[in-house]
Amino acid sequence: MNGWHAVPGESGPGGARPLPRTPSGLFPAGAPPRPTWREPHPVTGGGVAVGAVVALAWLLLFGLLGHDVPSYAWWTLAAGGLAWLAAAVLVRYGDRGVATGVAIVTAGGWSIAAAVVAARWAQAGDWPLW
């Protein structure tokens, strides 16, 4: 051999082709060895936005029931608990994007209520919730 590998029908070094290389596996070629699972209901930005808007309206309506800081905090805590319960059900049986929006806005609403309670506590020097 002169360092070249002839392909049938070719004669001489001018028509030589290099040996085919075996892939290393780092960049696999071809289809995967088994099917790829795809989520039937993927999380989308629209679903997250819908969940966020609904949760915002829910917390706002419950927050408006409070006439002072303690009642606002308790109403917000109760509304948030119900919203997270609904988000848990949505995660299991419904749209996980909507559940994500509900959970994010509920956490933000609880944070606002905690900040209001902390500000009143710092201002008055007395724990406002009981």
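Residues numbered from 1 in each chain as written. Predicted model: local features only at pLDDT ≥ 70, side-chain atom pairs only at ≥ 80, totals over all residues. Heavy atoms only, no water.

**What to know about the overall build of the protein**
As a reminder, the rule being used: Each helix corresponds to a stretch of at least 4 residues labelled H or I by DSSP, and each strand to a stretch of at least 2 residues labelled E; elements are numbered beginning at the N terminus. Note on classification: 1.4 Å probe, protein chains only; a residue is buried when its accessible area is under 20% of the maximum for its type, exposed when over 50%, partly exposed between these limits. By definition, residues are in contact when any of their heavy atoms lie within 4.5 Å. The protein chains shown are the only cover counted for residues, whose accessible areas, like all others here, come from Shrake-Rupley with a 1.4 Å probe.
Counting its secondary structure elements, the protein contains three helices and zero strands. Its helices and strands taken in sequence order, the protein reads α-α-α from the N to the C terminus. Residues counted as buried form 22% of the 130 residues belonging to the protein. For the protein, restricting intrachain contacts to residue pairs at least 6 apart in sequence, the fraction spanning at least 24 positions comes to 55%. Roughly 9,700 Å² of accessible area belongs to the protein as shown, and the carbon and sulfur atoms make up 68% of that amount.

**Details of the layout of surface pockets**
We count it as follows: Only protein atoms enter the 1 Å grid used here. Points where a 1.4 Å probe fits but cannot escape make up a cavity, open sets with protein on both sides within 12 Å along at least five of seven lines make up a pocket, and a residue lines them when an atom lies within 4 Å of a point. Grid points are joined across faces, edges and corners, and a volume is the space filled by probe spheres set on the points. Gly is placed with the polar residues, together with every amino acid not listed as nonpolar (Ala, Val, Leu, Ile, Met, Phe, Trp, Tyr, Cys and Pro) or charged (Asp, Glu, Lys and Arg).
Of the pockets and cavities examined, the largest pocket occupies roughly 210 Å³. Lining the largest pocket, in full, are L56, L59, L60, G63, L64, Y72, T76, I104, V105, G108, G109 and I112. Counting only elements with at least two residues in the lining of the largest pocket, the list comes to α1 (45–63), α2 (69–93) and α3 (96–124). Considering every element that reaches the lining of the largest pocket, the biggest residue donor is α3, with five residues. Partitioned by chemical class, the residues of the lining of the largest pocket number eight nonpolar, four polar and no charged.

**Some remarks on the packing of aromatic side chains**
Applicable threshold: Only Phe, Tyr and Trp rings are paired, with Trp represented by its six-membered ring, and only when their centres lie within 6.5 Å; those with planes under 30 degrees apart are stacked, over 60 edge-to-face, the remainder tilted.
Under the counting rule described, the total for this entry stands at six aromatic pairs. Measuring from centroid to centroid gives 5.7 Å for F62 and W75, while their planes differ by 50°, and the two rings are tilted. Pair noted here: F62 is in helix α1 and W75 is in helix α2, with a separation of 13 residues, a long-range link. Here F62 falls in the buried class, since its relative accessible area comes to 17%. Accessibility expressed as a relative area gives 35% for W75, which makes it partly exposed. On the basis of an interplanar angle of 80° and a centroid distance of 4.8 Å, the ring pair of W121 and W127 is categorised as edge-to-face. Through a chain of ring-to-ring contacts, the aromatic side chains of W74, W121, W127 and W130 assemble into a single cluster.

**With respect to the nonpolar core**
A general feature of soluble globular proteins is that nonpolar side chains tend to end up buried together. What counts, and what does not: Among the buried residues, those of types Ala, Val, Leu, Ile, Met, Phe, Trp, Tyr and Cys that are joined through side-chain atoms within 4.5 Å form a nonpolar core.
The biggest cluster of nonpolar side chains holds ten residues, and these are A55, L59, F62, A79, A83, A87, V98, A99, V102 and V105. Here the element with the most residues in this core is α3; it accounts for four residues. Discounting chain neighbours no more than four positions away, the residues touching A79 are W58, L59 and F62.

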